[in-house]
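Fold and geometry: a report
What follows is each chain in one-letter form.
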Amino acid sequence: MLVLRLLNVVAPAYFLCISLVTFVLQIFLFIPSMFRDPSTTPLFSPALLHGALFLFLSANALGNYVLVIQSSPEDLGKGLNLGEGAEVVADWLDGSRSPGSALPSTHFCRLCARVTQRHDHHCFFTGNCIGSRNMRNFIMFCLYTSLACLDSLVAGMAYISAALSMSFANPLAFLTLLPHSISQFFSGALLSSEMFVILMLYLWLGIGLACAGFCCHQMLLILRGQTRYQVRKGMVVRARPWRENLQEVFGKRWLLGLLIPVLNVGGDYRRQKEK
């Protein structure tokens, strides 16, 4: 448990540091290098277009990241009586379903010390549980993080291609870039800043692929009306049309949430309480 709590602190700090380094490289290195192309017009230069795209992706990624934390799942255990016997308390502590007076598909998270409605998983990078209230923001966070990493990867490859006078037309060029660069760095033929950018290229590739894969996995679970917790525990869910499952997570104004970070208003638990 101590290791998990430590990871719950280190992972968000790691994400914020990577975001800060990416922003600095884009603003002070990649984008200024694009302005050096004399063949482009100032108004529609690649630097301005790329800068606008990067700011749009970054604003959505960081905005949804903040909303995932801000829209933390409501603690359903506050209004429940947990003193009804040792068996009930044991069920909560080993992470199984909450007492019968609670809503179905609830789960007690030890790290957050709360009971979450439609619990999916605990995200260490946000230090928060992912449930019905912040699932849409979490998916948008994964989507825009993967796109921002892809954008930074392309811009970084363009910078390295110009700085080292090399071409990435051959797919093997990217695969052999790291070992070749390490040998050049220790021989003194490669600058420290260029070596750092090359290392960031592989880091952006790994983070982008991981976020894209996780986003696709979550979408498949949403289409099936399931959560990761339900799949892991082998719970059977009621079959519903995939359109209803999507609307339950993304709502009717899904296009607005796709373009700008917005709160996911309403949820299963709140709607049931209002009834």
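These notes cover the structure that comes with them.

Quick notes on the rules
- Residue indices begin from 1 for each chain and proceed along its sequence in written order.
- Residues qualify for local features only when their pLDDT is at least 70, as the model is predicted, and side-chain atom pairs are given and counted only at 80 or more; totals for whole chains, interfaces and linings, by contrast, use all residues.
- Heavy atoms throughout the structure, all of them, feed into the side-chain values; hydrogens and water do not.
- What makes a nonpolar core is a set of buried Ala, Val, Leu, Ile, Met, Phe, Trp, Tyr and Cys residues whose side-chain atoms join them at distances within 4.5 Å.
- Relative accessibility under 20% of the residue-type maximum defines a buried residue, over 50% an exposed one, and the middle range a partly exposed one, all with a 1.4 Å probe and only protein chains included.
- Secondary structure counts use DSSP, requiring at least four H or I residues in a row for a helix and at least two E residues in a row for a strand, with both numbered from the N terminus.
- Contact between two residues is taken to exist if any of their heavy atoms lie within 4.5 Å; hydrogens are not considered.
- Here, a salt bridge means any side-chain nitrogen of Lys or Arg that lies within 4 Å of a carboxyl oxygen of Asp or Glu.
- Residues form patches when they are more than 30% accessible in relative terms and have no salt bridge. Like charges link within 9 Å. Nonpolar side chains (Val, Leu, Ile, Met, Phe, Trp, Tyr) link within 5 Å.
- Exposure was quantified through the Shrake-Rupley algorithm and a 1.4 Å probe, taking into account, for residues, occlusion by the shown protein chains and nothing else.
- All axes here are fitted lines through C-alpha atoms, helices being fitted over the stretch that makes contact, and every angle between N-to-C directions spans 0 to 180 degrees.
- Every angle not falling under 35 degrees, over 145, or within 65 to 115 is termed oblique; those three ranges are roughly parallel, roughly antiparallel and roughly perpendicular.
- Charged means Asp, Glu, Lys or Arg here, nonpolar means Ala, Val, Leu, Ile, Met, Phe, Trp, Tyr, Cys or Pro, and polar covers whatever is left, Gly included.
- Paired strands are those between which DSSP finds at least two bridges.
- For the purposes of this analysis, a disulfide is any pair of cysteine sulfur atoms at a distance within 2.5 Å.

1. What about the nonpolar core?
What tends to happen in soluble globular proteins is that the nonpolar side chains get buried as a cluster. Grouped together as the largest cluster of nonpolar side chains are 24 residues, with contacts concentrated most on Leu25, Phe30, Ile160, Phe168, Val197, Leu201 and Trp204. Listed by contribution, the elements that provide at least two residues to this core are helix 1 (2-34), helix 4 (135-164), helix 5 (171-175) and helix 7 (192-223). Element by element, the count of residues in this core is highest for helix 7, at eight residues. Look past the residues within four positions of leucine 201 in its chain and what remains in contact with it is Leu153, Gly156, Met157, Ile160, Phe174 and Leu177. Core analysis: the second largest hydrophobic core is formed by 20 residues, Met135, Cys142, Cys215 and Ile222 among them.

2. A look at the pattern of salt bridges
As enumerated under the stated definition, the model contains two salt bridges in all. The closest approach of N and O atoms between glutamate 248 and arginine 118, which form a salt bridge, is 3.9 Å. Of the two residues, glutamate 248 is situated in helix 9 (residues 242-250) and arginine 118 in the loop between strand 2 (114-117) and strand 3 (121-123); the sequence distance between them amounts to 130 residues. Note that arginine 240 is salt-bridged to glutamate 248, the shortest N-O span being 2.2 Å. Residue classification places arginine 240 among the partly exposed positions, given a relative accessible area of 27%.

3. Side note on a nonpolar patch on the surface
Taken together, the side chains of Leu53, Phe56, Trp254, Leu255, Leu256, Leu259 and Ile260 define a hydrophobic patch exposed on the protein surface, amounting to about 650 Å² of accessible area. Going through the elements one at a time, helix 2 (46-70) and helix 10 (254-259) are the ones with two or more residues in the nonpolar patch. In terms of residues, the nonpolar patch owes the most to one element, helix 10, which gives four residues. Relative to the elements of secondary structure, leucine 256 occurs in helix 10. Residue class for leucine 256 comes out partly exposed when judged on its relative accessible area of 41%.

4. Some thoughts on the packing of helix 7 against helix 9
Two quantities define a packed helix pair, namely the angle between the helix axes and the distance between the axes. Where helix 7 contacts helix 9, the two axes come as close as 8 Å, and the packing angle between them is 120°. Here helix 7 lies oblique to helix 9, going by the angle between them. Across the interface between the two elements, Met219, Ile222 and Leu223 of helix 7 pack against Trp242, Asn245, Leu246, Val249 and Phe250 of helix 9. In terms of residue class, the contact of helix 7 with helix 9 is made up of seven nonpolar, one polar and no charged.

5. Let's talk about the pairing of strand 1 (residues 106-109)
Both faces of strand 1 are covered, namely the face carrying Thr106 and Phe108 and the face carrying His107 and Cys109. Across four bridges, the pairing between strand 1 and strand 2 is antiparallel. By the bridge assignment, threonine 106 is partnered in strand 2 with glutamine 117. Linkage of strand 1 to strand 2, two consecutive antiparallel strands, is achieved through a turn of four residues, within which alanine 113 is found at a positive phi near 55°.

6. Description of the state of the cysteines
For the structure shown, the criterion picks out zero disulfides. Cysteine cysteine 142 remains unbridged, with the sulfur of cysteine 211 as its closest cysteine sulfur at 5.3 Å. Here cysteine 142 falls in the buried class, since its relative accessible area comes to 5%. With no disulfide of its own, cysteine 216 lies 5.7 Å from the sulfur of cysteine 215, the closest cysteine sulfur.

7. Describing the side chain of glutamine 218
Tracing the backbone through its elements, the reader meets glutamine 218 in helix 7. The contact partners of glutamine 218, leaving out residues within four places of it in the chain, are Asp120, His121, Met135, Phe138, Ile139 and Arg228.

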